[in-house]
Amino acid sequence: MTIENLSSNKSFGGWHKQYGHQSESLGCAMRFAIYLPPQVATGQKVPVLYWLSGLTCTDENFMQKAGAHRIAAELGIAIVAPDTSPRGEGIADDESYDLGQGAGFYVNATEQPWARHYRMYDYVLNELPALIEAVFPVNDQRAIAGHSMGGHGALVLALRNPQRFRSVSAFSPISNPVSCPWGEKAFSAYLGKDTARWSDYDASVLMRDAREFVPALVDQGEADNFLAEQLKPEALQRAANASGYPLELRRHEGYDHSYYFIASFIEQHLRFHGRYLGCTS
């Protein structure tokens, strides 16, 4: 549980900090960011929202661009943002932006050369929360959210582990990766050619078959360049209709895939999670 503080910035009465540590799950050094709201200064243990970012992002994108600290400070929610993949010398990579470093897809890879390090599913589900709860003044109440590839990851983690998360939300998630180019490319590389194994990481398949429910909020911009080919929110809605899943899927005219979209609605997402994390303001 040895971690190294890399940076620290006061923000809305709390602190945004970056840490590095050696990950056992991934077999490499990793970095994460955490926002600790001002309530922790009084000895209060606070719940945690885990944020998973999209392709090419690091821990910094959400923390710097989303404008989430003000509402997190008000509600008393810590936010933890891991990197999107293992990184560094000796870590398998690819020349394209949508495979390899920066594109872990939150799966446990089974195929070489990825299997040695690309186990982001285990890292986010088990190792990172164990570290956060051992080191920082937080309780064991967790929510999870993400954007694009990270929205896919958040939905999959919550759907497969409903006992671990109180709520889940996503912006522009890759909703049906077994049937889109991003997902087909990544899953072929990380999981192999047997497409039956891919369903374990497909939110639409998991939601269709769900028997335990985690409240879910999804926002999608109608001007998103990736909407039709890559994101497929209609597949997620059909799945929710089939299983009776408590999904609120909202579509917004004029909004694209950028952090302008996320910043426009992040307050609503944090208040959504706050209701299920027991936060009042």
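Located above this text is the structure these notes cover.
One structure accompanies this document, and this report is about it. (Residues numbered from 1 in each chain as written. Predicted model: local features only at pLDDT ≥ 70, side-chain atom pairs only at ≥ 80, totals over all residues. Heavy atoms only, no water.)

With that settled, the discussion passes to the overall build of the protein chain. Scanning the protein chain for helices and strands turns up 9 helices and 9 strands. Taking 281 residues into account, the globule formula puts the C-alpha radius of gyration at 19 Å, and the protein chain, at 17 Å, falls close to it. The 281 residues of the protein chain split such that 60% are buried. Counting contacts in the protein chain only where the partners sit at least 6 residues apart, residues at least 24 apart contribute 72% of the total. Total accessible area computed for the protein chain in this model is approximately 11,200 Å², and 45% of it derives from carbon and sulfur atoms. Positive and negative side-chain charges in the protein chain, numbering 24 and 31 respectively, have mean positions lying 5 Å apart. (Helix = DSSP H or I, 4+ residues; strand = E, 2+ residues; numbered from the N terminus. Rg over C-alpha atoms; globule rule 2.2 N^0.38 Å. Buried < 20%, exposed > 50% of the residue type's maximum accessible area, 1.4 Å probe, protein only. Contact = heavy atoms within 4.5 Å. Areas by Shrake-Rupley, 256 points an atom, 1.4 Å probe, with all protein chains shown as cover. Lys, Arg positive; Asp, Glu negative; His and termini not counted. Charge placed at Lys NZ, Arg CZ, Asp CG, Glu CD.)

This part is about the packing of aromatic side chains. Inspection of the entire model under this criterion finds 19 aromatic pairs. Arranged with centres 4.8 Å apart and planes meeting at 45°, the rings of Trp182 and Phe226 form a pair that is tilted. Here Trp182, found in helix α5 (residues 181-191), pairs with Phe226, found in the loop between β8 (216-221) and α7 (227-231); they are 44 residues apart in sequence, far enough to count as distant. For Trp182, a relative accessible area of 4% corresponds to the buried category. Taking 5.1 Å as the distance between ring centres and 70° as the angle between the ring planes, the aromatic pair formed by Tyr255 and Phe265 counts as edge-to-face. You can see Tyr255 sitting in the loop between β9 (247-252) and α9 (259-277) and its partner Phe265 sitting in helix α9, a full 10 residues away along the chain. Its guanidinium or amino end placed over the ring of Tyr201, Arg160 lies 4.9 Å from that ring's centre, counting from NZ or CZ. (Phe/Tyr/Trp six-rings, centres within 6.5 Å; stacked < 30°, edge-to-face > 60°. Lys NZ or Arg CZ within 6 Å of the ring centre and 35° of its normal.)

The topology assignment puts Leu249 in strand β9. The exposure class assigned to Leu249 is buried, which follows from its relative accessible area of 18%. Ignoring any residue separated from it by four or fewer positions in sequence, one finds Leu249 in contact with Val218, Pro233 and Gln237.

Bringing the pattern of salt bridges into the picture now. According to the stated counting rule, one finds 13 salt bridges in the structure shown. The salt bridge partner of Lys185 is Asp98, with a shortest N-O separation of 2.7 Å. With Lys185 in helix α5 and Asp98 in the loop between β5 (78-82) and α3 (120-135), the pair connects residues that are 87 residues apart, well separated along the chain. Exposure remark for Lys185: the relative accessible area of 33% places this residue in the partly exposed category. Classification of Asp98 by relative accessible area gives buried; the value is 9%. Here Asp209 ties to Arg208 by a salt bridge, and the two come within 3.0 Å at their closest N and O atoms. Classification of Asp209 as partly exposed rests on a relative accessible area of 42%. (Salt bridge = Lys/Arg side-chain N within 4 Å of Asp/Glu carboxyl O.)

Before going further, it helps to examine the sheet that holds strand β1 (residues 3-11). Spatially, 9 strands are ordered β1-β2-β3-β5-β4-β6-β7-β8-β9 in an open sheet, and the strand pairing comes out mixed. In the strand order of this sheet, the two ends are held by β1 and β9, each with one partner. For this sheet, the mean inter-axis angle between neighbouring strands, taken without regard to orientation, is 20°. Inspection of the sheet shows strand β6 (residues 138-147) paired to strand β7 (residues 168-171) by 4 bridges, in the parallel sense. (Pairing = 2+ DSSP bridges. Axes fitted to C-alpha atoms, helices over the stretch in contact; angles between N-to-C directions.)

On to the pairing of β7, then. Neither face of β7 is exposed, since Val168 and Ala170 on one face and Ser169 and Phe171 on the opposite face are all buried. The parallel pair β6 and β7 is bridged by helix α4 (residues 149-160), and the resulting crossover is right-handed. (Right-handed = clockwise from strand over helix to strand, strands pointing away.)

No statement about biological role is implied by the geometric values presented.
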